[in-house]
Every structure is written in structure tokens, then in C-alpha cells.
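Structure assessment
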Amino acid sequence: MTDIISDAQAMAVALAEARLAGEAGEVPIGAVVVCEGAILARGQNRVLRDVDPTAHAEIVALRAAAAALGNYRLAGCSIYVTLEPCAMCAGAMIHARLDRLVFAAADPKTGACGSVLAVLNHPQLNHEMQVEQGIGAEESAELLRSFFRERR
């Protein structure tokens, strides 16, 4: 029997993806999709490398998860992200029908899961997902602070 990955373990993998993105010159944000207790897909910011404004870590991970399952609906899956998703990524999560979002640090500038906007679980939308935050928040915030400090 396969061990079921914990929230802390899944976020640690997302943070590892974020570090890889930062090393590649991208804003250090990482994501993993977990299904049936195991990591199904990973993603990291790739907007510069792919010359693609939609290549946020969440979108990269969602695309890989959909390809792995052969279905764009990811019901039964959770996504772990190192930073609160933006409106585009939150919208994609709704369309994917994810069960759960776990994010590390809040994003007071573009966060669409409560900080700036509340895209998820809007009463007029037909899909609800569980949302949790805070796991790995300090490490994620420090990765981002260090990244931007080095570029100033």
C-alpha cells in the first residue's frame, strides 16, 4: 500500500518547486496536485522560460495533472501552492473542479482567495472547494523576499 502524503510533505514538494523556479530566474512559486494521497503533478512558475503569461505554477501543475488523468476535471484532487493564487489560477481551479486548495503565504497584492478578491467559493458559482492556508507560509514568504531583494 502506498503511503498517503501529508499536507506538510506536499507543501515541502511545492516549496522545492518554488526554489527551482527561483534558481531559473522565475518568481519562486511552486505547486503540486495530489490525488488519492499521492503527488500526481508538479509545477513551477515558467512565464519567462516559456514566454507565456499563463505559465503560473498552478496552471503548469493543473495541465500536467489533467494530462496524467486524461481528464480536465480533477475532482478528488487537491492542489498545494506556495503563494495565494491569482484570479486566473483561482478560475482555473474552479473549472478543474478541484476538491481542495492549500496555500502557504497570502498575497496582499494579487491574491484571489480572500486577500484582494474572493474568487473561490463565490455564492454565484456552482463549485465549492475547501481552502486552507498557512502551511509553509514563512518559508514561502522568505523565498519571495529573498528573490526580490536580490533583484533590487
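Up top is the structure these notes are about.
In this report, we go over the structure that sits alongside the text. Since this is a predicted model, take the numbers as computed values, not measurements.

The helix and strand tally for the protein chain stands at 5 helices and 5 strands. Secondary structure elements of the protein chain occur, N-terminal to C-terminal, as α-β-β-α-α-β-α-β-β-α. Against the globule reference of 15 Å for 152 residues, the protein chain gives a C-alpha radius of gyration of 14 Å, in line with a compact fold. Counting only C-alpha atoms, the protein chain reaches 40 × 40 × 30 Å along its principal axes. Within the protein chain, the fraction of its 152 residues that count as buried is 47%. Sequence separation of at least 24 residues holds for 56% of the intrachain contacts in the protein chain that already meet a minimum separation of 6. Counting every atom, the protein chain has about 7,700 Å² of accessible surface; 55% of that belongs to carbon and sulfur. Across the protein chain, the mean location of the 13 positive side-chain charges is 5 Å away from that of the 18 negative side-chain charges.

Turning to the environment of Leu83, a few remarks are in order. One can find Leu83 in strand 3 (residues 77-83). For Leu83, a relative accessible area of 11% corresponds to the buried category. Along the primary structure Leu83 and Leu15 are separated by 68 residues, whereas in three dimensions their C-alpha atoms are 9.8 Å apart. In contact with Leu83, other than residues within four places in its own chain, are Ile29, Glu58, Phe103, Ala105, Ala106, Asp107, Ser140 and Leu144.

Helix length check: helix 1 (residues 7-23) (17 residues) gives 24 Å between terminal C-alpha atoms against 24 Å at 1.5 Å per residue, within 8%. Listed in full, the buried residues belonging to helix 1 are Ala10, Met11, Val13, Ala14, Leu15, Glu17, Ala18, Ala21 and Gly22. Once helix 1 finishes, Gly25 follows within two positions and takes phi at roughly 90°, a positive value.

What counts and how
Residue positions are given per chain, counted from 1 along the sequence in the order it is written. The model is predicted, so local features are restricted to residues of pLDDT at least 70 and side-chain atom pairs to those at 80 or more, both for listing and for counting; the totals for chains, interfaces and linings are taken over all residues. Water and hydrogen atoms play no part in the side-chain values, which are based on all heavy atoms of the structure. Put simply, DSSP H or I for four residues or longer makes a helix, DSSP E for two residues or longer makes a strand, and each gets a number counted from the N terminus. Here the radius of gyration uses the C-alpha set of atoms, whereas the globule reference equals 2.2 Å times the residue count to the power 0.38. For every residue, the accessible area (1.4 Å probe, protein chains only) is compared with the maximum for its type, and the residue is labelled buried under 20%, exposed over 50%, or partly exposed between those bounds. The criterion used for residue contact is that any of the two residues' heavy atoms lie within 4.5 Å. Under the convention used here, a 1.4 Å probe and the Shrake-Rupley method define accessible areas, while residue burial counts only the protein chains that appear. Only four residue types enter the tally: Lys and Arg on the positive side, Asp and Glu on the negative side; His and the chain ends are excluded. Every charge is mapped onto a representative atom, which is NZ of Lys, CZ of Arg, CG of Asp or CD of Glu. Residue count minus one, scaled by 1.5 Å, sets the expected span of a helix.

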